[in-house]
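What follows is each chain in one-letter form.
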Amino acid sequence: MEMTEKKKILIIVENLTVPFDTRVWQEAVTLVNNGYTVSVICPKGKGYTKEEEILQGVHIFRHDLPPEGNGALGYFKEYFFALKEETRLAKKVYKEIGFDVIQGCNPPDDIYMVARKFKKYGVRYVFDHHDICPELFEAKFGRTKGLLYFSQIWLERQTYKHCTFAFATNESYKKIAVERGKMDPEKVIILRSGPKLNRMRIMPPKEELKRGYKYMVGYLGVIGQQEGVEYLLTAAKYIKERENNVFWGIVGAGPHLEALKKMAADMGLDDCVKFTGRIPDQQMLEYMNTADVCVNSDKYNRMNDKSTMNKVLEYMALGKPIVQFDLTEGRYSAQEASLYARNNDAVDMAEKIMELLKNPEKRKKMGEYGRNRIMTELSWEHTSQALTEGYRKFFSGEFDR
C-alpha cells in the first residue's frame, strides 16, 4: 500500500469539541502538516458552534449532543444520539472528502461501531486511547458491578478487537491494551500528549490578578467529579485559617463547576478563590504565569493513577513547581518538578503548598527542572513523532505483516 494511494484520515471525538480538545487538535494539525488530508467529527461546544469549517487545513464537522448521561437511560441516550450523528457525518465526509482510516478518540469506547459501517470499503480503524473507561466509570460512580460497568469492559474489548493498531498515552495504558485488550505490543504505540511550546508561553506575571494577596496558587483543567477540586478548596480553607495570604485561581469549566462554586461560598472562600470558567488562552496564560505554585488535585483512584494529566505537563511547560497526590503517571511526568502529598489528604496537600510558597529557591529549581524536561523530552514537538511514525507504518502495510 503506497503512501500516495491512501492518506486520508477521519478523526472522531465524542466528549469534547475541536479545537478545544488539545490532544485531538494537535494530532489533526500535525497530520495535515505531514501531508495527510484530515477531517474531524466532534460535538459542538462553547465558542465552537459552526457545523462545518476549515481551520489550519483541518476539515471540521460538528453535531449537537445531549447533556452528559447519568444512569443507564442517560448513558444510552447520549451514546445512541452521538453514534447516530457520527455515522451521519461520516457518510457525508466519505462522500465529499473520503478517508482510508477512522481514528476513534475515546471516551466512550463505541466509535469502532461507526468504522464497522465502512469496513466494506476497505476503511480500517485506529484507536486513540484517551481514557480507561471502566476505571472512569468507577471514578464517577464508585461502582464495579452492574450492567453499565460491565458494558464498559465489553466495549473496551470490542474496541481493541476491531482496531488495526492503537495509540496509548503512556506505559500504563499500553499495559491495559496488551493485557486486557489482547493487543500485539508491536501494534500499540505510546503517543504522549505533550504541550506545544508555542501555546504554553512563559509571560510576565500580572500581579493585579492576586487581588492584593502575597501568593497565588493556580489550577488549570476540567472541573468534573473525578478531578478532586474539592481537595483544593479544603486546602485553601486550611491555609486561609493559618496564613490568609494566598489567592487561588481556578481556570476551567466542566459539569461540577457550579457545585464547587457553591462549596467555596459555603466555606467562606469567595474572597480568595476565583473560578474563571472557560477563558481564552491569553487569559489562561496570564493566570498560570502569575501563579507561584500550580496544583494537580486529581484524587487517587485506579483511573487517575494510570492516566497522564495534561495539566501537569502544561504547568511544567510554564516552569511552575507543582503539588499533587502521589499518582504513578503523575510522578512519571513531573518527577522532580513536583512535591507529592499523601494520597487524598487535603491537609498534607496544603502543607506541601505552604512549604513551596515559603521557599522561592526551591520553587525556581523545580520549575526549571520541569521546563527543561518538557523542552528536551515531553513537548509535542518530541512526542508527536510517535503519531507520524504510527501512520507511516500503517500506510506502508507494516501492521499487516
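Now for a description of the structure that goes with this document. Everything numeric here is computed off the predicted structure, so don't read it as measured data.

1. Topic: the sheet that holds strand S2 (residues 37-43)
Remark on secondary structure: sheet strands pair via backbone hydrogen bonds, oriented parallel or antiparallel.
Okay, so step 1: Sheet architecture is open: eight strands sit in the order S3-S4-S2-S1-S5-S6-S7-S8, paired in mixed fashion. Strand pairing shows two members of the sheet lacking a second neighbour, strand S3 (52-55) and strand S8 (188-190), which therefore form its edges. Taking the axes of each pair of neighbouring strands and ignoring which way they run, one obtains an average angle of 20° across the sheet.
Okay, so step 2: As paired elements, S3 and strand S4 (residues 58-63) share four bridges and run antiparallel to each other. Bridge pairing links Ile54 to His59 in S4.

2. Observations concerning the pattern of salt bridges
Pairs can form between side chains of opposite charge whenever their charged atoms are close.
Okay, so step 1: In the structure shown here, the tally under the stated rule is 35 salt bridges.
Okay, so step 2: Of the charged contacts, one joins Asp292 and Lys210 as a salt bridge, the two residues approaching to 3.2 Å between their closest N and O atoms. With Asp292 in the loop between helix H9 (281-290) and strand S12 (293-296) and Lys210 in the loop between S8 and strand S9 (215-220), the pair connects residues that are 82 residues apart, well separated along the chain.
Okay, so step 3: Under the relative-accessibility criterion, Asp292 is labelled buried at 15%.
Okay, so step 4: For Glu398, the salt bridge is made with Arg392, and the minimal N-O distance between the two is 3.0 Å.
Okay, so step 5: Several salt bridges converge on common partners, so that one network encompasses Glu135, Glu138, Glu156, Arg180 and Arg302.

3. A look at the pairing of S4
Okay, so step 1: Across the six residues that make up S4, a large majority, five, are buried.
Okay, so step 2: Relative to S4, S2 is paired through five bridges, and the arrangement is parallel. Within the sheet, the bridge partner assigned to Ile41 lies in S4 and is Phe61.
Okay, so step 3: Adjacent in sequence and paired antiparallel, S3 and S4 are bridged by two residues, among which Gln56 carries a positive phi angle near 50°.

4. Some points on the packing of helix H7 (residues 229-240) against helix H8 (residues 257-266)
When two helices pack together, their arrangement is given by the angle between the helix axes and by the axis-to-axis distance.
Okay, so step 1: It is the contact of H7 with H8, at a shortest axis distance of 11 Å, that shows an interaxial angle of 15°. On the basis of the axis angle, H7 is roughly parallel to H8. The element H7 and its partner H8 pack so that their crossing is right-handed. Of the residues in H8, those in contact with Val229, Glu230, Leu233 and Thr234 of H7 are Leu260, Met263 and Ala264.
Okay, so step 2: The class makeup of the residues in the contact of H7 with H8 is five nonpolar, one polar and one charged.

5. Quick word on the sheet that holds S9
Okay, so step 1: Across the sheet, which stays open at both edges, the six strands sit in the order S11-S10-S9-S12-S13-S14 with parallel pairing between neighbours. Only two strands of the sheet have a single neighbouring strand rather than two, namely strand S11 (273-277) and strand S14 (338-341). When strand polarity is set aside, the average angle formed by the axes of neighbouring strands in this sheet is 25°.
Okay, so step 2: Bridge analysis of strand S10 (residues 246-251) against S11 gives four bridges, and the strand direction is parallel. Looking across to S11, one finds that Trp248 is bridged to Val273.

6. Brief notes about the state of the cysteines
Okay, so step 1: This model, assessed by the stated rule, comprises zero disulfides.
Okay, so step 2: Cys42 provides the cysteine sulfur closest to Cys105, a residue in no disulfide bond, and the two sulfurs are 10 Å apart.
Okay, so step 3: The class of Cys105 is buried, set by a relative accessible area of 0%.
Okay, so step 4: Cysteine Cys163 shares no disulfide, and the gap to the nearest cysteine sulfur, in Cys105, comes to 13 Å.

7. Quick look at a positive patch on the surface
Okay, so step 1: Together, Lys91, Arg116, Lys117, Lys119, Lys120 and Lys161 give the surface a local cluster of positive charge.
Okay, so step 2: Following the sequence through the fold, Arg116 ends up in helix H3 (residues 112-116).

8. Comments concerning the pairing of strand S13 (residues 322-325)
Okay, so step 1: The side-chain alternation of S13 yields two buried faces, one formed by Ile322 and Gln324 and the other by Val323 and Phe325.
Okay, so step 2: Here S13 pairs with S14 via four bridges, running parallel. Along S14, the bridge assignment pairs Val323 with Leu339.

9. Side note on helix H1 (residues 22-33)
Okay, so step 1: Compared with an ideal rise of 1.5 Å per residue, which puts twelve residues at 16 Å, H1 spans 16 Å between its outermost C-alpha atoms and is within 8% of the ideal.
Okay, so step 2: By the criterion of burial, H1 is predominantly enclosed, with ten of the twelve residues buried.
Okay, so step 3: Turning to H1, its buried residues are Arg23, Val24, Trp25, Gln26, Glu27, Ala28, Val29, Thr30, Leu31 and Val32.
Okay, so step 4: Two or three places before Arg23, at the opening of H1, Asp21 has a side-chain oxygen 3.3 Å from that residue's backbone nitrogen.
Okay, so step 5: Positive phi shows up at Gly35, right after H1, with a value of about 95°.

10. As for the environment of Val38
Okay, so step 1: Mapped onto the secondary structure, Val38 falls in strand S2.
Okay, so step 2: It is 8.8 Å that separates the C-alpha atoms of Val38 and Ile60, two residues lying 22 residues apart in sequence.

11. A look at the side chain of Glu286
Okay, so step 1: Looking at the element boundaries, Glu286 is found in helix H9.
Okay, so step 2: Look past the residues within four positions of Glu286 in its chain and what remains in contact with it is Met203, Lys206 and Leu209.

12. Structural notes on the packing of aromatic side chains
Okay, so step 1: Counted by the stated rule, this structure contains 20 aromatic pairs.
Okay, so step 2: With 5.3 Å between their ring centres and 85° between their planes, Phe127 and Tyr160 make a pair best called edge-to-face. Residue Phe127 is located in strand S6 (residues 124-129), and its partner Tyr160 is located in helix H5 (residues 147-162); the two are separated by 33 residues in the primary sequence. Each member of the pair, Phe127 as well as Tyr160, is classed as buried.
Okay, so step 3: Between the aromatic rings of Tyr231 and Phe325, the centroid separation amounts to 5.3 Å while the plane-to-plane angle is 85°, which identifies the pairing as edge-to-face. Taken together, the positions of Tyr231 in helix H7 and Phe325 in strand S13 put the pair 94 residues apart, joining distant regions of the chain.
Okay, so step 4: Exposure remark for Phe325: the relative accessible area of 1% places this residue in the buried category.
Okay, so step 5: Members of the aromatic cluster, joined through ring pairs, are Tyr36, Phe165, Phe167, Tyr391, Phe394, Phe395 and Phe399.
Okay, so step 6: The ring of Tyr340 carries the charged tip of Arg331 above its face, separated from the ring centre by 3.9 Å.
Okay, so step 7: A cation sits over an aromatic face here: Arg373 above Tyr332, 5.2 Å from the ring centre.

Thresholds applied
- Residues numbered from 1 in each chain as written.
- Predicted model: local features only at pLDDT ≥ 70, side-chain atom pairs only at ≥ 80, totals over all residues.
- Heavy atoms only, no water.
- Pairing = 2+ DSSP bridges.
- Helix = DSSP H or I, 4+ residues; strand = E, 2+ residues; numbered from the N terminus.
- Axes fitted to C-alpha atoms, helices over the stretch in contact; angles between N-to-C directions.
- Salt bridge = Lys/Arg side-chain N within 4 Å of Asp/Glu carboxyl O.
- Buried < 20%, exposed > 50% of the residue type's maximum accessible area, 1.4 Å probe, protein only.
- Parallel < 35°, antiparallel > 145°, perpendicular 65-115°, else oblique.
- Left-handed = near helix turned anticlockwise from the far one by under 90°.
- Contact = heavy atoms within 4.5 Å.
- Nonpolar A, V, L, I, M, F, W, Y, C, P; charged D, E, K, R; others polar.
- Disulfide = S-S within 2.5 Å.
- Patch = residues over 30% accessible without salt bridge, like charges linked within 9 Å, V, L, I, M, F, W, Y side chains within 5 Å.
- Areas by Shrake-Rupley, 256 points an atom, 1.4 Å probe, with all protein chains shown as cover.
- Lys, Arg positive; Asp, Glu negative; His and termini not counted.
- Charge placed at Lys NZ, Arg CZ, Asp CG, Glu CD.
- Expected span 1.5 Å × (residues − 1).
- Polar contact = N/O pair within 3.5 Å; in protein donor to acceptor, adjacent residues only side chain to side chain.
- Phe/Tyr/Trp six-rings, centres within 6.5 Å; stacked < 30°, edge-to-face > 60°.
- Lys NZ or Arg CZ within 6 Å of the ring centre and 35° of its normal.

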